[in-house]
Amino acid sequence: MGISKEQIGSLIDKAFEMLPYAYTPYSHYKVGAALLAKNGTVYGGCNIENAAYTPCNCGERTAFFKAVSEGVTEFDAIAVVAGHEGNVTNLGSPCGVCRQVMMEFCDPETFQVICATDRENYRINTLKEILPDGFGPKALAAG
Ligand code: THU
């Protein structure tokens, strides 16, 4: 599956739209994400922190959990933008836990992870590239 430059641009725009909603009183590091479902719907997400620290949820997972909680479980791509206080100067990168959540719902060969600083500057990798030899649902299949 190919993702067009226009689709990439609009996912990056949506990820930026999510940044102001990031709730980050502890790290001050804001993450915005935009997850493209195979049905064409885009789910936004932001990171949500907590005074007890461990319940913090990453922006990527917020987007996945919003979609899955509405019955949508098939995805093509996610765009991620991140930076201190929402100033996006460097490419972000999904944490290991978020990569594992992607592995649950996405085809590692085709799912596209787009880390951007703006519409023109981004890095695209397949999930397989950023999570080689990932453990997923197929590993639990009988036989
Ligand atoms: N964070 C994300 O939202 N996504 C990532 O992939 C990396 C880390 C968040 C979690 C926490 O709120 C803050 O960034 C600092 O780790």
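Residues numbered from 1 in each chain as written. Predicted model: local features only at pLDDT ≥ 70, side-chain atom pairs only at ≥ 80, totals over all residues. Heavy atoms only, no water.

S.K.: It is not clear to me how the overall build of the protein chain should be interpreted in this structure. Could you clarify?
M.R.: Broken down by element type, the protein chain carries 4 helices and 5 strands. Listed by position from the N terminus, the elements making up the protein chain come as α-β-β-α-β-α-β-β-α. Relative to a compact globule of 143 residues, whose C-alpha radius of gyration would be 15 Å, the protein chain shows 14 Å and is just as compact. Its C-alpha atoms put the protein chain at 50 × 40 × 30 Å along the principal axes. Considering the protein chain as a whole, with its 143 residues, one finds that 45% of them fall into the buried category. (Helix = DSSP H or I, 4+ residues; strand = E, 2+ residues; numbered from the N terminus. Rg over C-alpha atoms; globule rule 2.2 N^0.38 Å. Buried < 20%, exposed > 50% of the residue type's maximum accessible area, 1.4 Å probe, protein only.)

S.K.: I tried to follow helix 3 (residues 96-105) on my own but got confused; where do I start?
M.R.: Residues that lie three or four places apart on an α-helix share one face, since the helix turns once every 3.6 residues. Taken together, the buried positions of helix 3 are occupied by C98, R99, V101, M102 and M103. Contacts made by the buried residues of helix 3 are with helix 2 (59-68), strand 3 (75-84), strand 4 (112-116) and helix 4 (127-130). (Contact = heavy atoms within 4.5 Å.)

S.K.: How should the pairing of strand 3 be read in this particular structure?
M.R.: Remark: a regular strand shows side chains that alternate across the two faces of the sheet. Across the 10 residues that make up strand 3, a large majority, 9, are buried. Sheet topology note: the strand 1 (residues 29-37)/strand 3 ladder contains 9 bridges and is antiparallel. Each residue of the ladder has a partner; that of K30, found in strand 3, is G83. You can see the chain leave strand 3, run along helix 3 and come back into strand 4, and the turn it takes is right-handed. (Pairing = 2+ DSSP bridges. Right-handed = clockwise from strand over helix to strand, strands pointing away.)

S.K.: Can you help me understand unusual backbone geometry in this one?
M.R.: The bulk of non-glycine residues show a negative phi, and the bulk of peptide bonds are trans. For E85, which is not glycine, the phi torsion reads 55° and is therefore positive. Among the secondary structure elements, E85 is positioned in the loop between strand 3 and helix 3. The backbone phi angle of D133 is positive, close to 55°, even though this residue is not glycine.

S.K.: It is not clear to me how the side chain of R99 should be interpreted in this structure. Could you clarify?
M.R.: Its place among the elements puts R99 in helix 3. Summary of buried charges: R99 has no salt-bridge partner, and the nearest side chain of opposite charge, E60, is 7.6 Å away. In this structure the side chain of R99 is engaged in a polar contact, spanning 2.8 Å, whose partner is the backbone oxygen of I130. (Lys, Arg positive; Asp, Glu negative; His and termini not counted. Salt bridge = Lys/Arg side-chain N within 4 Å of Asp/Glu carboxyl O. Polar contact = N/O pair within 3.5 Å; in protein donor to acceptor, adjacent residues only side chain to side chain.)

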